[in-house]
Amino acid sequence: MAFLLKDLLGKDKILTSGHRLCPGCGAPMAVKMVTMATDNPLIITSATGCLEVSTTIYPFTAWDTPWVHSAFENAGATISGLQTAFLAWKKKGKIDKEVKFLAFGGDGGTYDIGLQALSGALERGHDFVYVCYDNQGYMNTGAQRSASTPMGASTTTEPAGKKSIGKRIQRKDLTMIAAAHHNAYAAQSSISHWQDLMSKAKKAFEYEGPAFINVLSPCVRFWRVPSSKTVEIAKLAVETNFWPLFEIENMKLTLNFKPKERKPIIDWIKAQGRYKHLLQAGNEPVIDEIQKEVDAYFDYLVRLSSI
Amino acid sequence: MAAKLKGWKEIPEAGTIVEPGNARNYKTGGWRSDRPVWNKETCIHCFFCWIWCPDMAVQVDQANKKMTGINLEYCKGCGVCAEVCPKKCFTMKNEKELTNE
Ligand code: SF4
Ligand code: SF4
């Protein structure tokens, strides 16, 4: 059943105003949409990252629900422990609520530093939802490259220059890595598509077992776009097939959005300052290569979805 | 804006914050350089501004299902609401000019 915005009013309470994420940040949009997709009480943990540090600057917390701090690498382990403790309490009759367990990590804390803990948690099959708010770099510390940074983007650790195009290689396909844990529900979504994201979050909460959602959450600051363009740029990622919306359940892949005519990747590239060096003469082959990878990846998903 | 800091004996173990959502006491409206000025007349109450506002600063009347305005105590002036509004209800106005008006 589809969500209606008018029926959700008043539910945007889990993450409160007064957090200190940048104006126009995509992360709180992801948190808001995900947390509104369930009526159950929530216990949340966040891996170190923008979201974590900006929502819990002592003595304040922007979480209006129990929330636990995790280190960079162990949000997967923290959420497993919390959920297991809950089961023990339930068994002893200390709690009778149907609590849902939710972890947030950025791409740094999920693709790179927290991958092992996440993989372990998925494999052990705890009942939780892990959401990666993917902003494609270590943005909290000033835009260092992560495994999610796309090819051609300039970061402080792999900057564009006379001989450098920025990141030289393609990004890691984390959603498919999560899906390779066949007991898990794995999905990819974007803050631009709230209905898609909320439906997936609802499914993830209701799924008995581990669920993972990778959500494109633009960083306006270090993608070098105006703070007002968060939603537009995320939408463009979907419409160019740079960020396909799909889900995998019981080893069946469903593509949730197929553009009638996909927009060329140059539309996505030229909209962001982090790629601006690619527009200089001589870099056309790089753009061609990015386009080829985007098309090949989408084709791969189409093939998997039709088997 | 800084709250009076507690001594170490008054702080709960492990620095736990025992008041959920107390960041509401931290007003982020002072960050804003441009203010979204809302035109009530053209609003169709689609709630696009509400779902995408990253600062939960769009106010609504839940019972009557109406958008009612912007909470300037928290609005950081990002301009997302102005971009996503299908009816172009918002004009981003510079705070300095508004004070001069
Ligand atoms: S300008 Fe940004 S923070 Fe202010 S109400 Fe609009 S979307 Fe929310
Ligand atoms: S997006 Fe525009 S039309 Fe929709 S509720 Fe907000 S102000 Fe009204």
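Everything numeric here is computed off the predicted structure, so don't read it as measured data.

1. Brief notes about the overall build of chain A
Part 1 of the argument: Within chain A one finds eleven helices and eight strands.
Part 2 of the argument: Taking 2.2 N^0.38 as the reference for a compact globule, 307 residues should give roughly 19 Å; the C-alpha atoms of chain A span a radius of gyration of 19 Å, in line with that estimate.
Part 3 of the argument: Its C-alpha atoms put chain A at 70 × 50 × 40 Å along the principal axes.
Part 4 of the argument: Looking at the 307 residues of chain A, the share that counts as buried comes to 58%.
Part 5 of the argument: Excluding contacts between residues fewer than 6 apart, the proportion of contacts in chain A whose partners are at least 24 apart in sequence is 69%.
Part 6 of the argument: Within the structure as shown, chain A displays about 12600 Å² of accessible surface, and the carbon and sulfur contribution to it stands at 56%.
Part 7 of the argument: Looking at charge distribution, chain A has the averaged site of its 36 positive side-chain charges lying 3 Å from that of its 30 negative ones.

2. Some words on the site of ligand 2
Part 1 of the argument: Around ligand 2 sit 13 residues in total, of which C43, C46, F47, C49 and C85 of chain B are the nearest.
Part 2 of the argument: Tallied by class, residues from the shell around ligand 2 come to twelve nonpolar, one polar and no charged.

3. Points about the site of ligand 1
Part 1 of the argument: Close contacts around ligand 1 come from P36, C53, P54, D55, I70, C75, K76, G77, C78, G79, V80 and C81 of chain B, and that covers them all.
Part 2 of the argument: Here the shell around ligand 1 is built from residues that sort into eight nonpolar, two polar and two charged.

4. Describing helix α4 (residues 75–91) of chain A
Residue and element names in this part refer to chain A.
Part 1 of the argument: Compared with an ideal rise of 1.5 Å per residue, which puts 17 residues at 24 Å, α4 spans 24 Å between its outermost C-alpha atoms and is within 8% of the ideal.
Part 2 of the argument: Within the sequence span of α4, burial applies to A75, G76, T78, I79, S80, Q83 and F86.
Part 3 of the argument: The elements touched by buried residues of α4 are β1 (42–46), β2 (67–69), β3 (100–106), α6 (115–124) and β4 (129–134).
Part 4 of the argument: After α4 finishes, the residue G93 shows a positive phi value of roughly 75°.

5. Overview of the interface of chain A and chain B
Part 1 of the argument: Contacts between chain A and chain B engage 41 residues on the former and 36 residues on the latter.
Part 2 of the argument: Surface buried jointly by chain A and chain B totals about 3500 Å² across both partners, of which 66% is contributed by carbon and sulfur atoms.
Part 3 of the argument: When the buried area of chain A at its contact with chain B is split by residue, L9, Y58 and F60 of chain A rank highest and sum to 20% of it.
Part 4 of the argument: Counting the contacts that link chain A with chain B gives three salt bridges.
Part 5 of the argument: Between R24 of chain B and D64 of chain A there is a salt bridge, with the nearest N and O atoms lying 3.0 Å from each other.
Part 6 of the argument: Connecting chain A to chain B are 22 residue pairs in polar contact (both at pLDDT 80 or more).
Part 7 of the argument: Elements with a minimum of two residues in the side of chain A that touches chain B: α1 (5–8), α2 (27–35) and α9 (230–239) of chain A.
Part 8 of the argument: Residue classes in the side of chain A that touches chain B are distributed as 20 nonpolar, twelve polar and nine charged.

6. Some words on the nonpolar core
Part 1 of the argument: W63, L102, F104 and W268 of chain A together with W50, W52 and F90 of chain B are the most contacted members of the largest nonpolar core, which totals 124 residues.
Part 2 of the argument: Broken down by element, this core gets its largest block of residues, seven residues, from helix α11 (residues 284–306) of chain A.

7. Some details on the pattern of salt bridges
Part 1 of the argument: According to the stated counting rule, one finds 22 salt bridges over all chains in the structure shown.
Part 2 of the argument: For K203 of chain A, the salt bridge goes to E249 of chain A, with nearest N and O atoms at 3.6 Å. Highlighted residues: K203 of chain A in helix α8 (residues 194–206) and E249 of chain A in strand β7 (residues 246–249), separated in sequence by 46 residues.
Part 3 of the argument: On the basis of relative accessible area, K203 of chain A is assigned to the partly exposed category, the value being 34%.
Part 4 of the argument: In this structure, E73 of chain B engages K27 of chain B in a salt bridge whose closest nitrogen and oxygen atoms are separated by 3.5 Å.

Conventions we followed
- Throughout this description, residue numbers start from 1 for each chain and increase along the sequence as written.
- Going through the entries in the order they are written, you letter the chains from A and number the ligands from 1.
- With pLDDT at 70 or above as the cut-off, local features in this predicted model cover only qualifying residues; side-chain atom pairs require 80 or more to be listed or tallied, and sums for whole chains, interfaces and linings still use all residues.
- To get the side-chain values, all heavy atoms of the structure are used, and hydrogens and water are removed first.
- Numbering of helices and strands runs from the N terminus; a helix is a DSSP stretch of H or I covering at least four residues, while a strand is a stretch of E covering at least two.
- The atom set for the radius of gyration is the C-alpha atoms, and the globule formula is 2.2 Å times the number of residues raised to the power 0.38.
- The rule is simple: take the accessible area with a 1.4 Å probe, protein chains only, and divide by the maximum for that residue type; under 20% is buried, over 50% is exposed, in between is partly exposed.
- For this analysis, residues touch if any pair of their heavy atoms sits within 4.5 Å.
- Shrake-Rupley sampling with a 1.4 Å probe provides the accessible areas, and residues are treated as covered by the protein chains on show and by no other component.
- The charge count includes Lys and Arg as positive and Asp and Glu as negative, but it does not include His or the ends of the chains.
- Charge placement uses NZ in Lys and CZ in Arg. For Asp and Glu, CG and CD serve respectively.
- One heavy atom within 4 Å of a molecule or strand is enough for the residue carrying it to be called near that molecule or strand.
- Each residue receives one of three labels: charged for Asp, Glu, Lys and Arg, nonpolar for Ala, Val, Leu, Ile, Met, Phe, Trp, Tyr, Cys and Pro, and polar for the others, Gly being one of them.
- In this analysis, the expected span of each helix is defined as 1.5 Å times one less than the number of residues it contains.
- The term buried area denotes the loss of accessible surface (1.4 Å probe radius) that occurs when two parts are joined, taken as the sum for both partners.
- A carboxyl oxygen of Asp or Glu within 4 Å of a side-chain nitrogen of Lys or Arg is what we treat as a salt bridge.
- Whenever a nitrogen or oxygen atom comes within 3.5 Å of another N or O atom, the pair is scored as a polar contact, on the condition that within protein one atom can donate a hydrogen and the other can accept it, and that pairs from neighbouring residues in sequence are kept only if both atoms are in side chains.
- As used here, the term nonpolar core means buried Ala, Val, Leu, Ile, Met, Phe, Trp, Tyr and Cys residues forming a set that is joined through side-chain atoms within 4.5 Å.

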